[in-house]
Each structure stands twice: as C-alpha cells, then as structure tokens.
Amino acid sequence: MVEKVAIPEIYFVIPAAGVGSRMGADCPKQYLMLAGKSVLYHTLSLFLSVDAIAGGVVVRSQGDPTPLPLESERLWETIGGETRTESVTAGLQYLANRLSKAGKSLDDVWVLVHDAARPGLKSSELALFCDHLVSTQPEAGLIMAMPAQDTVKRADETGRVIRTEDRSTLWLAQTPQAAKLGVLLNASEKILRDGVNVTDEASILEYNGLFPQLYRGYSHNLKITYPEDLELMRLYFTAREV
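Residues numbered from 1 in each chain as written. Predicted model: local features only at pLDDT ≥ 70, side-chain atom pairs only at ≥ 80, totals over all residues. Heavy atoms only, no water.

Where an unreviewed UniProt entry is consulted, the chain appears under the name 2-C-methyl-D-erythritol 4-phosphate cytidylyltransferase, with the organism given as Ignatzschineria ureiclastica. Comment text from UniProt for the chain, heading Catalytic activity (unreviewed entry), reads "2-C-methyl-D-erythritol 4-phosphate + CTP + H(+) = 4-CDP-2-C-methyl-D-erythritol + diphosphate". The record in UniProt for the chain states the following under Pathway (unreviewed entry): "Isoprenoid biosynthesis; isopentenyl diphosphate biosynthesis via DXP pathway; isopentenyl diphosphate from 1-deoxy-D-xylulose 5-phosphate: step 2/6." (UniProt positions renumbered as here; feature names shortened; annotations may be inferred.)

Here's what the structure looks like:
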C-alpha cells in the first residue's frame, strides 16, 4: 500500500498597521484607491482567491476606524505593533493560537507574509509560488525576489559612490516570504527580545541562522511606497483588465 503524503496547510499574514508616510497621502497607503477598490482589498482578494491557501490574518493598528474591505470565513484580524516585526509577530501569534486550539501542529503549517501595499501579483502567479513551496518544502523558507538588473553602487554617508557591487549575486527581495509557522514565530520572538531592527522576514530567519531559498518574482509585484508607484500600479491594473 502506498502511503499518502499529507499536503501542508498554507496560511498568510498581511501586516497593514503602517501609515505609509512616504506617500504623502491623507490616509494610510493600504486604503488608497486602485481600480475602484482599496489597495488592501486587492491584496486580500489575491490571497483568498488561491485554493491552496487555507486562510489568513490581516494585522492592523489599534483603533483603526476603517472597516475591512471584504469579509470571509477564511479571513481574520488582529492588532499589530509600532514596527513591521511587531505586527508580523502579532499575526503569527494569532495564527499559532488559533491553529493550536484546532489541534494542528505548527511544524506542519506554512505561513506566507506579504506586504499590504503589494497588490500586483496574479492569482495564478501566487498559486505557482504555493505549488513550488509545497513541492520543495525548503527547510529555511522561500522568498520571492528579483535579480538586480541595474548597476548597483555603494555610497558613503555623504552620497558619494565608493564602489560598484557585483550584481550577479544580488537580488531585490519582494513578498510573499514563506516559512514554517513555528520556525518563523520562534525566530520573530527572538529578534524582538534581542531588539534587532530588520525590514523583512528573510532577515529574521537569517539572524537565526536560516537562509531561505530564492524564487524569481515579477516586476509588477512592486510595493507601493511613493505616489509614482501607485500610478504605475493603476496603469498595470488598467492594462490587465483590457
């Protein structure tokens, strides 16, 4: 008799507690309008559209008065902190508590962390990422990233070029970034205890001696940070609908 191999469950965490100060807008960037809906709506819809994803949690700031842009029995909400790492950790803790109460082992669950203001992926592209994650199950995790295409310069504190880097081994990190839920939760809690400042989940894993695999991403999977990014995403969504 052939023994059946259990397919790992996949969940997501969307940190959406930031204010997006670099946008210069009058509301957090996740609530800016894109193709008739908020940026956060498009991001959440993307993850809920993939059958391989069992559910997930959006992490928002305390007292956020904006209603969630959609409802689903697969979508939950919790409160974040002042930094991205605090908010992601809050989301991981929420998932861990919820799944543990349901009798699930955290070692058998994968979690994808994705920026709220990164709505450009197609459902098919995210599904392929999940398929690759399940088929390879990289022990240290998997992150979407793009190989550096431009010449990369390193500068000093005055903005003067001090050298040109070898771009052949340089990648620009995107999200989603995936790891086993238990592994990423333990790593996140440790980095908070140590007071180390990082900007993504791969850095958290690296700090804990784990080095994720790279998965080639997409140029349209850009993070909306500045006003021109939102305009580019609007053009992309318009072209995608034609």
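(A) Seen up close, the overall build of the chain. For the chain, the helix and strand inventory stands at 6 helices and 11 strands. The C-alpha radius of gyration computed for the chain amounts to 18 Å, which stays within 12% of the reference 18 Å derived for 242 residues, consistent with globular compactness. The burial tally for the chain puts 45% of its 242 residues in the buried class. Of the roughly 12,800 Å² of accessible surface on the chain, a fraction of 51% belongs to carbon and sulfur atoms. The average position of the 24 basic charges and that of the 30 acidic charges among the side chains of the chain differ by 2 Å. (Helix = DSSP H or I, 4+ residues; strand = E, 2+ residues; numbered from the N terminus. Rg over C-alpha atoms; globule rule 2.2 N^0.38 Å. Buried < 20%, exposed > 50% of the residue type's maximum accessible area, 1.4 Å probe, protein only. Areas by Shrake-Rupley, 256 points an atom, 1.4 Å probe, with all protein chains shown as cover. Lys, Arg positive; Asp, Glu negative; His and termini not counted. Charge placed at Lys NZ, Arg CZ, Asp CG, Glu CD.)

(B) Here's a closer look at the nonpolar core. Counting 28 residues, the largest nonpolar core has Phe12, Ile53 and Leu112 as its most contacted members. Mapped onto this core, the elements with two or more residues apiece are β1 (9-16), α1 (39-48), β4 (53-60), β6 (109-113), α3 (123-136) and β7 (142-147). Among the elements that line this core, the one with the most residues is α1, at 5 residues. Beyond its immediate chain neighbours, meaning those up to four positions away, Ile53 contacts Ile10, Tyr11, Phe12, Phe47, Arg74, Leu112, Leu126 and Cys130. The next biggest cluster of nonpolar side chains, apart from the first, holds 23 residues, and it includes Val57, Leu95, Ala179 and Leu205. (Core = buried A, V, L, I, M, F, W, Y, C linked by side-chain atoms within 4.5 Å. Contact = heavy atoms within 4.5 Å.)

(C) Just the packing of aromatic side chains, in detail. Scanning the model with the defined rule gives 5 aromatic pairs in all. Arranged with centres 6.1 Å apart and planes meeting at 85°, the rings of Tyr236 and Phe237 form a pair that is edge-to-face. Comparing Tyr236 with Phe237, the two get one shared label, buried. Taken together, the aromatic side chains of Tyr11, Trp76 and Tyr94 make up a single cluster linked through ring pairs. Here the guanidinium or amino end of Arg240 rests over the ring plane of Phe237, the centre of that ring lying 4.5 Å away. (Phe/Tyr/Trp six-rings, centres within 6.5 Å; stacked < 30°, edge-to-face > 60°. Lys NZ or Arg CZ within 6 Å of the ring centre and 35° of its normal.)

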